[in-house]
Structure formats: C-alpha cells, structure tokens
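Architecture at a glance
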Amino acid sequence: MPASHARTALRLAVLLAATLLAILAWQGRGNYSPVDTGGRVPAYGAPDLRGDTVDLASLRGRVVLLNVWATWCKPCVKEMPALQRLHEMLDPEGLSVVAVSVDNAALSLGTADGDVRSFVDEYGITFTVLLDPQSRIESVFQVTGLPMTFVIDRDGILRKKVLGAREWDEPASVAELRTWLEN
C-alpha cells in the first residue's frame, strides 16, 4: 500500500474513532451532567428493605424529599428524627420522604441491609428507606457529600438541593415544602 493510502486510511480510522467517541459521549451525557434545580430528575430506583424496587417515576404526583444518607454519618443520624416527624406531618398532604442509604457492607463489617434495618427499627423510621450499597445514586444525582437532600415536585422537577443536615420539621422548612405541595 502506498504511503498516501496508508495516511488516508489512518485519517479515516482516527475520524471514525473520534465520531464513535462523540456519539457515545452524547448518549451518556446524562451520567455526567449535574442535576440542576429546575431540571427533570434522572431515572433512579433501588430496593427497599422488603426487596421491592422503588422508582422515583412511581412517585410522580407527589412531592418527594429524597435524602441520601448512611448509618455511619453523624449528621445524617442527627437529622433522621426530624425527617420522621416531617413524614408524619406532611405525608397526608402528599409528601413522600425517601431516604437512600449508601451504607456499604464492606465498610460496616456486616450486611448493609442488616445495619440499615437495625437503624430503622431503633429510630422508628416509617418512611421509605432504599438500599444502594454501590452508591449508584451518588453518580446519578452528583451527590457531593452526606447527607444531601433533593426536593422534587409533583412533575419530577428538581426544586431544591440541600447539602448537610437540617431540621426538616422546623416551621420554615415545613412552610417551604407546603408551597410545593400546594402547586
């Protein structure tokens, strides 16, 4: 093969590879884009403590307070009682509190399910708790620390992100959530 044909073949191969990479990057762009307020939340689902998969899409029509936490995270543990009180207060009005545990069995020297289940029993948690020991939610939602909470409106639009623990049942937080419940 003459040198000019070899260069042309190489250029075509490089162009084809670059095009293929661009297509793959475009198709996977949702995995790399931050979840911004005002945008639709990505698809996400995980098993609950009974083993049933709960998808965020199944909660459309309700306002969702999605909390990412772990049993080893002291600020997470501190805010759990307030989340439980908030659940008891606003569930009848259409708020779904969903806590996604990123506890990893290897880190807890047991099963993540067992540690989380014990925690839920000990704290009397009655809202939905999902198990994500591979921390898939962290990449899907671009979680930057724990606890991190996302408020999602009835149409699946992200309305608020909160990094750090919060007293979710304090009057200002309840009033803010009620504005989303009324819309």
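What comes next concerns the included structure. For clarity, every value in this text was computed on a predicted model and none was experimentally measured.

A few words on the state of the cysteines. Summed over the entire model, instances satisfying the criterion amount to one disulfide. Across a sulfur-sulfur distance of 2.4 Å, Cys-73 and Cys-76 are joined as a disulfide pair. On the S-S bond that ties Cys-73 to Cys-76, the torsion sits near 75°, and the link is right-handed. Taking the relative accessible area as the measure of exposure, Cys-73 reaches 6% and is therefore buried.

With that out of the way, let us pick up helix H6 (residues 171-182). Helix length check: H6 (twelve residues) gives 16 Å between terminal C-alpha atoms against 16 Å at 1.5 Å per residue, within 8%. Those residues of H6 not exposed but buried are Ser-173, Val-174, Leu-177 and Leu-181. In an axial view of H6, the angular spread of the buried residues amounts to 95°, which keeps them on one side of the axis. Among the exposed residues of H6, those pointing more than 90 degrees away from its buried face are Pro-171, Ala-172 and Glu-182.

This part takes up the pattern of salt bridges. Under the definition given, this model contains nine salt bridges. With a shortest N-O distance of 2.4 Å, Arg-85 and Asp-169 are connected by a salt bridge. Linking Arg-85 in helix H2 (residues 74-90) with Asp-169 in the loop between strand E7 (158-163) and H6, this pair joins segments that are 84 residues apart in sequence. For Arg-85, a relative accessible area of 37% translates into the label partly exposed. Lys-160 is the salt-bridge partner of Glu-176, the closest N and O atoms lying 3.0 Å from each other. Note that Glu-176 is positioned in helix H6 and Lys-160 in strand E7, a separation of 16 residues in sequence.

Moving on, we get to the packing of aromatic side chains. Scanning the model with the defined rule gives four aromatic pairs in all. The interplanar angle of 85° and the centroid separation of 6.3 Å between the aromatic rings of Tyr-44 and Phe-141 together place this pair among those described as edge-to-face. One end of the pair, Tyr-44, is in the loop between helix H1 (3-27) and strand E1 (45-47); the other, Phe-141, is in the loop between helix H5 (136-140) and strand E6 (148-152), with 97 residues separating them in the sequence. Phe-141 matches Tyr-44 in its accessibility class, with the two residues each being buried. Relative to Phe-119, the ring of Trp-69 has its centre 5.0 Å away and its plane inclined at 45°; by these criteria the two rings are tilted.

What follows covers the layout of surface pockets. In this structure, the largest pocket occupies an estimated 170 Å³ of space. The wall of the largest pocket is formed by Asp-48, Leu-49, Arg-50, Val-54, Val-120, Ile-125, Thr-126, Phe-127, Thr-128 and Val-129. Taken together, the residues of the lining of the largest pocket break down into six nonpolar, two polar and two charged.

We now examine H2. Spanning 17 residues, H2 covers 25 Å between terminal C-alpha atoms, matching the ideal 24 Å at 1.5 Å per step. Approximately 30° is the largest bend angle found in H2, and it occurs at Met-80, with the proline Pro-81 only one to four residues beyond. What H2 keeps buried is the set Cys-76, Val-77, Glu-79, Met-80, Ala-82, Leu-83, Gln-84, Leu-86, His-87 and Leu-90.

Calculation notes
Residues numbered from 1 in each chain as written. Predicted model: local features only at pLDDT ≥ 70, side-chain atom pairs only at ≥ 80, totals over all residues. Heavy atoms only, no water. Disulfide = S-S within 2.5 Å. Buried < 20%, exposed > 50% of the residue type's maximum accessible area, 1.4 Å probe, protein only. Helix = DSSP H or I, 4+ residues; strand = E, 2+ residues; numbered from the N terminus. Expected span 1.5 Å × (residues − 1). Arc of directions from axis to C-beta. Salt bridge = Lys/Arg side-chain N within 4 Å of Asp/Glu carboxyl O. Phe/Tyr/Trp six-rings, centres within 6.5 Å; stacked < 30°, edge-to-face > 60°. 1 Å grid on protein atoms, 1.4 Å probe; cavity = no way out; pocket = protein on both sides within 12 Å on 5 of 7 lines; lining within 4 Å. Points joined across faces, edges and corners; volume = space filled by probe spheres on them. Nonpolar A, V, L, I, M, F, W, Y, C, P; charged D, E, K, R; others polar. Bend = angle between axes of the 7 residues up to and from the residue.

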